[in-house]
Amino acid sequence: EEHQYRISKEREATPRKQIITLVVTFFLLVVGWVIVFYYQITGKYTPQTVVVQFDDEVVLELGTYSGTYILHNDPSRLGFARIRYDNVGGQGSFAYCKENEFWTFRIDPGDPCEDILVRSSQTKSFDITTTAESQWLATSDPKLRRFF
C-alpha cells in the first residue's frame, strides 16, 4: 500500500531559515573579529601613557629622563610600526625591539635594537606595563648591569 505525504510550506522554509540564521551569525562574528583586530592594530588596547621614575644609582643621567611617556601613534602604518612611547617633557623613548623580544630605552628615537641605554628582560608582550616587575638592565658599559 502506497502513502503519499505532503510537505507543508512551513516545513520547506525551515532549512532556509536555518541557513539564513547561520550566515547572519557567521557574518556578525566576522564583523566582531574585524573590530577587535582593528582596535588591536591601532593601539586602542595599548596603554596610552606610562609614568616612569628612573633610579640614578647605576647610570647617573637616567634620573633626568623620569616623567610621563605617551604612546606614539603613526596612523599611516596602523599597528605594523614598532610600538614607541615618547617623553612628554623632552628626550627619551621606550620602544619594543621585536627581533630580540625586549623593551628598550633610548635617548633619541630610532631603531630600538641599537644604541640601547636600558633594556627589559626578554618578553613577548607588546604591553610595556607587563615589564614593570621584571628585571631591567643598564648598558652604560659593554656588560649589561642590573638596573631595576
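Within any chain, residue numbers begin from 1 and follow the written order of that chain's sequence. Totals for whole chains, interfaces and linings use all residues, but because this is a predicted model, local features are given only for residues with pLDDT of at least 70 and pairs of side-chain atoms are given and counted only at 80 or more. To obtain the side-chain values, all non-hydrogen atoms of the structure were included, while hydrogens and water were left out.

Go over the state of the cysteines, please, and point to the residues and values.
By disulfide we mean two sulfur atoms from cysteines, separated by a distance within 2.5 Å. Under the defined criterion, the tally for this structure stands at one disulfide. Two residues share a disulfide in this structure: C97 and C113, whose sulfurs sit 1.9 Å from each other. Classification of the bridge connecting C97 and C113 rests on its S-S torsion, roughly 110 degrees, and on that basis the disulfide is right-handed. Of this pair, C97 sits in strand β4 (residues 93-97) while C113 sits in the loop between β5 (102-106) and β6 (118-120), and the two are 16 residues apart along the sequence. For the exposure calls, accessible area comes from a 1.4 Å probe over protein chains only, and a residue counts as buried if that area is under 20% of its type's maximum, exposed if over 50%, partly exposed in between. The exposure class of C97 is buried, given its relative accessible area of 0%. The secondary structure listing takes helices from DSSP runs of H or I that are at least 4 residues long and strands from runs of E that are at least 2 residues long, numbered from the N terminus.

Please set out unusual backbone geometry residue by residue, giving values where relevant.
Apart from glycine, the bulk of residues carry a negative phi angle, and the bulk of peptide bonds sit in the trans form. Its identity as a non-glycine residue notwithstanding, E101 has a phi of 60 degrees, on the positive side. With respect to the secondary-structure elements, E101 resides in the loop between β4 and β5. A positive phi angle, near 50 degrees, is found at D115, a position not held by glycine.

Explain the environment of F102 to me, using residue names and the numbers behind them.
Its place among the elements puts F102 in strand β5. Considered as a pair, F102 and K124 are 22 residues apart in the sequence and their alpha carbons are 7.3 Å apart. Note on definitions: a residue-residue contact is assigned when non-hydrogen atoms from the two residues lie within 4.5 Å. Beyond its immediate chain neighbours, meaning those up to four positions away, F102 contacts A95, Y96, C97, I116, R119, S120, S121, Q122 and T123.

Could you give an account of the pattern of salt bridges, with specific residues and numbers?
In what follows, salt bridge is the name for a side-chain nitrogen of Lys or Arg lying within 4 Å of a carboxyl oxygen of Asp or Glu. On inspection of all chains with the given rule, the structure shows three salt bridges. Across the pair K124 and E101 runs a salt bridge whose closest N-O atoms are separated by 3.2 Å. Separated by 23 residues along the polypeptide, K124 in the loop between β6 and β7 (136-138) and E101 in the loop between β4 and β5 bring together distant segments of the chain. Exposure remark for E101: the relative accessible area of 26% places this residue in the partly exposed category. In this structure, D115 engages R106 in a salt bridge whose closest nitrogen and oxygen atoms are separated by 3.9 Å. On the basis of relative accessibility, which here comes to 66%, the residue D115 falls in the exposed class. What makes R106 buried here is its relative accessible area of 10%.

Before we move on, can you summarise the packing of aromatic side chains with the specific residues and values?
In this analysis, rings of Phe, Tyr and Trp, with Trp reduced to its six-membered ring, are considered paired at centre separations within 6.5 Å, and the interplanar angle assigns stacked below 30 degrees, edge-to-face beyond 60, and tilted for intermediate values. Tallied over the entire structure, the rule returns 11 aromatic pairs. Plain terms: the ring middles of Y69 and F94 are 5.0 Å apart, the flat faces sit at 75 degrees to each other, and that makes the pair edge-to-face. Taken together, the positions of Y69 in strand β2 (residues 67-71) and F94 in strand β4 put the pair 25 residues apart, joining distant regions of the chain. Since its relative accessible area comes to 0%, Y69 is described here as buried. Of the residues examined, F94 reaches a relative accessible area of 5% and is grouped as buried.

Tell me about the pairing of strand β1 (residues 49-52), and please be specific about residues and values.
Here β1 shows a clear split, with V50 and V52 buried on one side and none of T49 and V51 buried on the other. Here, any two strands with at least 2 DSSP bridges between them count as paired. In the sheet, β1 pairs with β2 via four bridges, with the strands oriented antiparallel. The residue of β2 that forms the bridge with V50 is Y69.

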